[in-house]
Amino acid sequence: MTQRALDSPGEKPDPLPTSPAPAPPGGLTTAEVAERVARGEVNDVPVRSSRSVTEIVRANVLTRFNLIIGVLWVIMLFVAPIQDSLFGFVIIANTGIGIVQEWRAKKTLDSLAVVGEAKPAVRRDGVSAEVSVSEIVLGDLVELGPGDKVVVDGTVAEADSLEIDESLLTGEADPVTKRPGDAVMSGSFVVAGGGAFTATKVGREAYAAQLAEEASRFTLVQSELRSGISTILKYVTWMMVPTAIGLIISQLVVKDNNFKDSVARTVGGIVPMIPEGLVLLTSVAFAIGVIRLGRKQCLVQELPAIEGLARVDVVCLDKTGTLTEGGMDVTEVRPLNGSDEEYVHRVLAALGGSDPRPNASLQAIIDAYPDGQGWGVTQAMPFSSARKYSGAAFTEGDGDASAWLLGAPDVLLPPDDPALTDTGHLNEQGLRVLLLARVRGELDAPDAASGAVPTALVVLEQRLRPDAGETLAYFAEQDVAAKVISGDNAVSVGAVAQKLGMPGAEHTLDARRLPGDRDDMATEIERNAVFGRVTPQQKRDMVAALQSRGHTVAMTGDGVNDVLALKDADIGVSMGSGSEATRAVAQIVLLDNSFATLPSVVAEGRRVIGNITRVATLFLTKTVYSVLLAILVVCFQVEYPFLPRHLTLLSTLTIGVPAFFLALAPNKERARPHFVRRVMRYAVPSGAIAAAATFVTYLLARHHYAGTGALDAETSAATLTLFLVSMWVLAIIARPYTWWRIALVATMGLCFLVVLMVPWLQDFFALKLVGTTMPWAAVGIAAVAAAVLELAWRLVGRRFPA
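Residues numbered from 1 in each chain as written. Predicted model: local features only at pLDDT ≥ 70, side-chain atom pairs only at ≥ 80, totals over all residues. Heavy atoms only, no water.

## Let's talk about the packing of aromatic side chains
So, point 1. Counting across every chain of the model gives 11 aromatic pairs.
So, point 2. Ring geometry for Tyr682 versus Trp793: centroids 4.2 Å apart, planes at 15°, classification stacked. Placement of the pair is Tyr682 in helix H23 (residues 675-704) and Trp793 in helix H27 (residues 773-799), with a sequence separation of 111 residues.
So, point 3. Relative accessible area serves as the criterion here: at 14%, Tyr682 is assigned to the buried category.
So, point 4. A connected cluster of aromatic rings, assembled from ring pairs, spans Tyr343, Trp375, Phe394 and Trp404. (Phe/Tyr/Trp six-rings, centres within 6.5 Å; stacked < 30°, edge-to-face > 60°. Helix = DSSP H or I, 4+ residues; strand = E, 2+ residues; numbered from the N terminus. Buried < 20%, exposed > 50% of the residue type's maximum accessible area, 1.4 Å probe, protein only.)

Here is the structure:
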């Protein structure tokens, strides 16, 4: 289920019940777990990563236009030859393709969802082990650490400076300190400290499950492309109904023709008004995108994310885990103020042993100084992104008491401290520096950091991701502005970015100097590229400031300090090794932790959006000329010039087959807004020109031909003109030309030529050019229409820019 569905600002959940009784410190026994499973007290909420097969079939088959076409198809099967019913078989084939592709996408999503599924640690029989979320039972003792998501409702049993962020549920951004006996809600996550809680509500009774009952990852909501197509289809329906009624009256009542032939021509006028393939092709393009990205270990949790990332013009990157790998190495320890180096090493070793859930910086210290025994921990303060430091109080081996802080030098030291000069030089080399300081008073005092005595600088070297430089270069080539937003020192982050060749990396800014006003903040963010000492709330504010300037913002991250910004960004991208909380709120999860996968996601989105915009013009050109031809036929009181077989042939060669290949072709153009306007500005003039040229040919043919077979000859001439004009529209849309695009257009033209030349195909499609005068006249009219088309497209491009 999608964590985006968990937002409920302003609403607070009902208090959780205190039953069942708290789990013993060792957790449930195997026998107790078995009893609860037998009673059905299991967290059995189905996590839907995609629509079910039944829903896929229903969504592809039971559409408004399939219903209309189905009724017309049944009518045609009774009144006309089978070739006039080909459009029905085409719809069946297209719908089948749509079902198969979406089913393949479903399988891809389901398999990736299993790989990326959270595995909470549950204590049973006194032993901690990871289990699937669906295996948690009522009364289980679930352990928590920084970044862990609370997967079921419960009551805190153990708390070690446990701070939980409930913003996804309540809208309140400030973390809440939890103590034993306090309630925790599913959907919240740990930002600092650790502990364990007893599960009191599982399955559908859990708070998050109730909020997200109908949520699904495979969703097409919040998509400009899909909403735009829906808008177009709504207008098409409004045009189609009165036009179809007029056509029916004209062909069946006004004209005294053969009844079956009149019905066939009426259906022939109604069917092409429906852009049925457009919806199908969009679904297929999205589904194929999911499959392609799935092969690259990229989990798309919300389908519009493919489209959204294609529209991104600013990508905000968290340094740790994105530009750099998670691990770090201690390269140097510099004692300050005459401190004894051996004593400093013992302090660092003790600090490493005080935190059961160390972050990357502390883990590097543990690796360098593993022997943290001998000192007793009397108090511990886990690292917090908001504070920028952690701490611990000890009883030393000789019985002395001491308290220490480890964190950002520029936060713990006054601005004029000489140690900051050394720190600045190290930061300029891209190194990360932590300050070890001795606390004078109590560790948990509000002003513990003020007056702390600097003891040593700990220098850490970060491991750069080998593929980060190429990815940053890709974004620069694609006009996507990259902004590095980090909690580390701005100079250090800028040095890392410069090592990777990031454009604008020399423009760094300490986020503590960012203005509070949103507009002023947006100006500073647009002016600079690297930001340091950014708090979690500031990350969120920075995303909002960019969005206020009309930017489409993507945010990457892997830590709990990124969750708020990931949630508010247009597109949230999480690393697979990131915390459960970040994976829960992100729309895209890079399961292989490779930042280099992002260009593939951007390219896939651009391919889908750009190509669907192209082919939508083809489909809607057909709708426009079909509606206009029907109106002209009604106004001039003449027979409709085409049978369904003619328009099936034209649609297949000028729209169906070419659109399929064009929709799957590479396309690097950044997606732009106003989909409906951009499509209709070309489709309307193109359809009008095609309809006018076709009807002129038809009227000339009516005056030229007479006697038996005249209507068939008139239809053939009109079909030739409409095909040539439609081919010219296809040729324009296929630009810029590549060898395969030229081959595609040429092949479609050759197929039509074969139909005109092979006798049995002539008979099958009722197409036979009579004489030379009208066929050449049809070609001439089509040539004039093609010239007008070129002029119209250029005028539209200048007068109505996208």
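What follows picks up the thread again.
## Considerations on the nonpolar core
So, point 1. Core analysis: the biggest nonpolar cluster contains 124 residues, and Leu309, Met502, Ile588 and Phe752 have the highest contact counts within it.
So, point 2. Those residues in contact with Leu309, other than ones at most four positions away along the chain, are Ala554, Ile571, Ile588, Leu598, Val601 and Val602.
So, point 3. Counting 24 residues, the second largest nonpolar core, distinct from the first, contains Val191, Cys316, Leu566 and Val585. (Core = buried A, V, L, I, M, F, W, Y, C linked by side-chain atoms within 4.5 Å. Contact = heavy atoms within 4.5 Å.)

## Comments concerning empty space enclosed by the protein
Here the idea is plain: a probe the size of a water molecule rolls over the atoms and shows the empty space left.
So, point 1. Counting across every chain of the model gives three cavities of 30 Å³ or more.
So, point 2. Along its surface, the largest cavity is lined by Asp355, Asn359, Ser361, Leu362, Ile365, Phe383, Ser390, Leu406, Gly407, Arg432 and Leu434.
So, point 3. Sorting the residues of the lining of the largest cavity by element identifies helix H12 (360-368), strand S13 (401-407) and strand S14 (432-438) as the ones contributing at least two each.
So, point 4. Per-element tally for the lining of the largest cavity: the top contributor is H12, with three residues.
So, point 5. Partitioned by chemical class, the residues of the lining of the largest cavity number five nonpolar, four polar and two charged.
So, point 6. A volume near 40 Å³ is recorded for the second largest cavity.
So, point 7. Residue assignment for the lining of the second largest cavity shows that the elements contributing at least two residues are helix H21 (598-636), helix H22 (644-663) and helix H24 (710-733).
So, point 8. Ranked by the residues each element gives to the lining of the second largest cavity, the list is headed by H21, at four residues. (1 Å grid on protein atoms, 1.4 Å probe; cavity = no way out; pocket = protein on both sides within 12 Å on 5 of 7 lines; lining within 4 Å. Points joined across faces, edges and corners; volume = space filled by probe spheres on them. Nonpolar A, V, L, I, M, F, W, Y, C, P; charged D, E, K, R; others polar.)

## Some remarks on a nonpolar patch on the surface
So, point 1. On the surface, Val74, Leu77, Phe78, Ile82, Phe89 and Ile92 cluster together into a nonpolar patch covering about 600 Å² of accessible area.
So, point 2. Within the residue set of the nonpolar patch, elements represented by two or more residues are helix H3 (64-79) and helix H4 (86-115).
So, point 3. By residue number, the principal contributor to the nonpolar patch is H3, which donates three residues.
So, point 4. On the accessibility criterion, Ile82 (45% relative accessible area) is partly exposed. (Patch = residues over 30% accessible without salt bridge, like charges linked within 9 Å, V, L, I, M, F, W, Y side chains within 5 Å. Areas by Shrake-Rupley, 256 points an atom, 1.4 Å probe, with all protein chains shown as cover. Salt bridge = Lys/Arg side-chain N within 4 Å of Asp/Glu carboxyl O.)

## Focus: the pattern of salt bridges
So, point 1. By the definition in use, this model includes 18 salt bridges.
So, point 2. Here Asp410 ties to Arg512 by a salt bridge, and the two come within 2.9 Å at their closest N and O atoms. Residue Asp410 is found in helix H13 (residues 409-412), and its partner Arg512 is found in the loop between strand S17 (508-510) and helix H17 (518-527); the two are separated by 102 residues along the sequence.
So, point 3. For Asp410, a relative accessible area of 18% puts it in the buried group.
So, point 4. Among the residues examined, Arg512 registers a relative accessible area of 44% and is labelled partly exposed.
So, point 5. Residue Arg702 is joined to Glu639 by a salt bridge in which the shortest nitrogen-to-oxygen separation is 2.8 Å. Of this pair, Arg702 sits in helix H23 while Glu639 sits in the loop between H21 and H22; the two residues are 63 residues apart in sequence, bridging distant segments of the chain.
So, point 6. Within this structure, Asp410, Asp510, Arg512 and Arg533 form a network of salt bridges that share partners.

## Notes on the packing of helix H15 (residues 468-477) against H21
Geometrically, a packed helix pair is captured by the angle between its two axes and the distance between the axes.
So, point 1. At a minimum axis separation of 9 Å, H15 and H21 run at an interaxial angle of 30°. Judged by the angle between their axes, H15 and H21 are roughly parallel. For the pair formed by H15 and H21, the contact residues are Thr471, Tyr474 and Phe475 on the first element and Leu598, Pro599, Val602 and Ala603 on the second. (Axes fitted to C-alpha atoms, helices over the stretch in contact; angles between N-to-C directions. Parallel < 35°, antiparallel > 145°, perpendicular 65-115°, else oblique.)

## Description of the environment of Glu307
So, point 1. Following the sequence through the fold, Glu307 ends up in helix H10 (residues 304-310).
So, point 2. A C-alpha to C-alpha distance of 7.2 Å links Glu307 and Val608, two positions 301 residues apart in sequence.

## Brief notes about the sheet that holds strand S9 (residues 314-317)
So, point 1. Strand order in the open sheet formed by eight strands is S8-S21-S20-S19-S9-S16-S18-S17, with mixed pairing between adjacent strands. Of all strands in the sheet, those bounded by a partner on one side alone are strand S8 (298-300) and S17. Across the sheet, the mean angle separating the axes of adjacent strands is 20° when strand polarity is ignored.
So, point 2. In terms of strand pairing, S8 meets strand S21 (residues 588-590) through three bridges, oriented antiparallel. Residue pairing in the sheet places Cys298 in a bridge with Leu590 of S21. (Pairing = 2+ DSSP bridges.)

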